[in-house]
Protein chains: 2
Amino acid sequence: MVDLNEFMARVASLVNDSALQIEGKPDELYEASFHIFKAGGKRLRPALLYASGLAFGAEEEALLPFAVGVELFHNFTLVHDDIMDNDDYRRGVPTVHKLYGVPMAILSGDLLFSLSLHIPLSYCSEKKSNYRCVEASRKLAWASVTVAEGQALDMMFEKAESVTEEQYMEMIYKKTAALLEASVYIGAVLGGAEKRELELISNYGRSIGLAFQIIDDILGIYGKEEETGKPVYSDLREGKKTLLILKALQIAEEEKRKTIESVLGRKDLEREKYSEAARVIEELGVPAYARSKAEYFVSKAIESLDHIGEKGRQEYISLLKEIAYLVVKRRK
Amino acid sequence: MVDLNEFMARVASLVNDSALQIEGKPDELYEASFHIFKAGGKRLRPALLYASGLAFGAEEEALLPFAVGVELFHNFTLVHDDIMDNDDYRRGVPTVHKLYGVPMAILSGDLLFSLSLHIPLSYCSEKKSNYRCVEASRKLAWASVTVAEGQALDMMFEKAESVTEEQYMEMIYKKTAALLEASVYIGAVLGGAEKRELELISNYGRSIGLAFQIIDDILGIYGKEEETGKPVYSDLREGKKTLLILKALQIAEEEKRKTIESVLGRKDLEREKYSEAARVIEELGVPAYARSKAEYFVSKAIESLDHIGEKGRQEYISLLKEIAYLVVKRRK
């Protein structure tokens, strides 16, 4: 039996040690690039990549460059996201563009993205690597195409009149779930998993990714600032079309809808206005609906793991299950 | 004997046909991403990649995904550059952020970058590819790390009190020459070139890259708007520490230095002020100095090709030489 907390801590420490050894010039660019990385983070994607890799018997040596890759890639998306959303804080610290300016923040994201592929590809090249190393790299590049598409959708939804739940699901699949899917896929493919297992583990990654984003949407309204590191009610302030907001607008009658709409995309209102809108959304039963939806995806994820059966090493399959439950329990 | 113009046109057409088949959603993201690509461009990097690849006997099928990759990568750097420099025009059309806004332009660059690696890696993966395909992909990722560093240096130099010619050379190596080096390296490695030839072809790419940027610096002050597609005197307006400007500031006596300094980084002066500064720089002999420096690097590039000797197919080695001469002759 592998202990989840110990495992997460071990993977985080491997990834941190490796990433913080990365050096380059000019200093300011590298400092800006690792600013958010150093401010914390759960290292969830590396943990998924390792757990999946070990479930299929991968060697740890091959997993590390890819684990660093997915984490740096994730950090790249955070840096560019913060510019696009004009956010001031992330993980309780000022965002990169607030500290270093927009141009340097754009470059920092570009550098992180470059490193996220350069590190795995250098490993593959050095090892005169086989097909699986290439396929793992391809999947990361696939995720990067998909995430850019998801971000564009997310941005366009902010201006859209109405967004259906189906459109929302496609957006969060691309924006969030694709990278979690890629993380477990990469681990599995490096471990030698075959087509059927790759499909099942991808389903697992996709499902927990969707659950993850729905929980994020709940925390985007009901999360505590000291836990999430973001301002309270941030999704209301930014007028994001999250599951909660689009659902609430869909089912609310006129008066309640007006209460919600009156705060969306407004950054400068009194706190009471946002909390009233949050209360209205809660009265409509929307957070409970979202939570049950997230739990549904977790159950789908577990089901996919169960179908892997004997092809996966059970202690790591159990770990992947625990990670799935963690996703819906998290408060930040 | 391969005709240079026909060759450039053929490669451009292969790359354009392939790149314009790329599809994805949302439409707005893909339109924004291919806006500058469609506005023109010499497709110099694909031509270098093909010429080098064919010189070492690569199969054209393997060269195409990488040629598309280097061109999309180049376009990505243009899109993000224009945001950082706050430029309004490129290739005679409005820049991406002017048309689509900064957030969409950031994402467009990110998408182009993603595609630039996803396309070659998909090819390598599909072909159950060998080591050379991986090494070619690694080199492109290496160039992307290096270009980000070069861009950061370029940006920091704008604010720097003084920049030495040595610092300038390092910056343009990273910002511009690294991708040209990568383009010929990728062709050669796919063609089966060995260590010694890879070094020589890299030297060639690096040398023409340096010459290319120095000529760019000349055009950045003395180029014609209808040829370059950029506003006249753009480097003066932006206060860029180009070779011409840093050299002029270094050798000018007080009065002339003041004339130059008075326009640097000022976007709103009368045209006469910039043309006076340009005239002063010319009187100092700086453009002639820069041109001779560019020609020196072209001669170094030719020398590297000559050392390749019989290991390269001569009609394509000749083509690479012609491309080197083209770099210093170009007016846009």
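Residues numbered from 1 in each chain as written. Chains lettered and ligands numbered in written order. Predicted model: local features only at pLDDT ≥ 70, side-chain atom pairs only at ≥ 80, totals over all residues.

Undergrad: Provide a residue-level description of the overall build of chain A, including the pertinent values.
TA: A count of helical and extended segments in chain A gives 16 helices and two strands. Here the C-alpha atoms of chain A give a radius of gyration of 20 Å, agreeing with the 20 Å that 2.2 N^0.38 yields for 332 residues. Along the first, second and third principal axes, the C-alpha set of chain A runs to 65 × 50 × 30 Å. For chain A, with 332 residues in total, the buried portion stands at 55%. Of all intrachain contacts in chain A linking residues separated by at least 6 positions in sequence, the fraction that spans at least 24 positions is 76%. (Helix = DSSP H or I, 4+ residues; strand = E, 2+ residues; numbered from the N terminus. Rg over C-alpha atoms; globule rule 2.2 N^0.38 Å. Buried ≥ 20, exposed ≤ 12 C-beta atoms within 10 Å, placed from the backbone. Contact = placed C-beta atoms within 7 Å.)

Undergrad: Would you mind going over the confidence of the model for chain A in detail, with residue names and values included?
TA: Summary statistics for chain A give a mean pLDDT of 95 and a share of 100% for residues scoring 70 or more. Reported confidence for the predicted complex is 0.96 by ipTM and 0.96 by pTM. (pLDDT = per-residue confidence, 0-100.)

Undergrad: Any details on unusual backbone geometry? Residues and values, ideally.
TA: The linkage connecting lysine 25 of chain A with the following residue, proline 26 of chain A, adopts the cis geometry, with an omega of -5 degrees. Among the structural elements, proline 26 of chain A can be located in the loop between helix H1 (4-19) and helix H2 (27-38). A positive phi is found at tyrosine 233 of chain B, a non-glycine position, where the angle reads about 60 degrees. In this structure, tyrosine 233 of chain B sits in the loop between helix H10 (225-228) and helix H11 (234-238).

Undergrad: How would you sum up the interface of chain A and chain B? Please name residues and give values.
TA: How large an interface is tends to be reported as the accessible area lost when its parts come together. At the junction of the two partners, chain A supplies 42 residues and chain B supplies 42 residues. Of all the secondary-structure elements, those providing two or more residues to the side of chain A that touches chain B are H2, helix H4 (60-85), helix H6 (102-126) and helix H7 (131-159) of chain A. Per-element tally for the side of chain A that touches chain B: the top contributor is H7 of chain A, with 17 residues. Split into classes, the residues belonging to the side of chain A that touches chain B amount to 25 nonpolar, 10 polar and seven charged. (Nonpolar A, V, L, I, M, F, W, Y, C, P; charged D, E, K, R; others polar.)

Undergrad: Now, about the relation of the copies chain A and chain B: what can you tell me, with residues and values included?
TA: The two chain copies are related to each other by a rotation about an axis together with a translation along it. For the match of chain A to chain B, the screw axis carries a shift of 0.0 Å, the RMSD comes to 0.0 Å, and the turn is 180 degrees. Between the two chains, the operation in question is that of a two-fold axis. Looking at chain A, 100% of its interface residues are interface residues in chain B too, so the copies touch through the same face. (Least-squares fit on C-alpha atoms with pLDDT ≥ 70 in both.)

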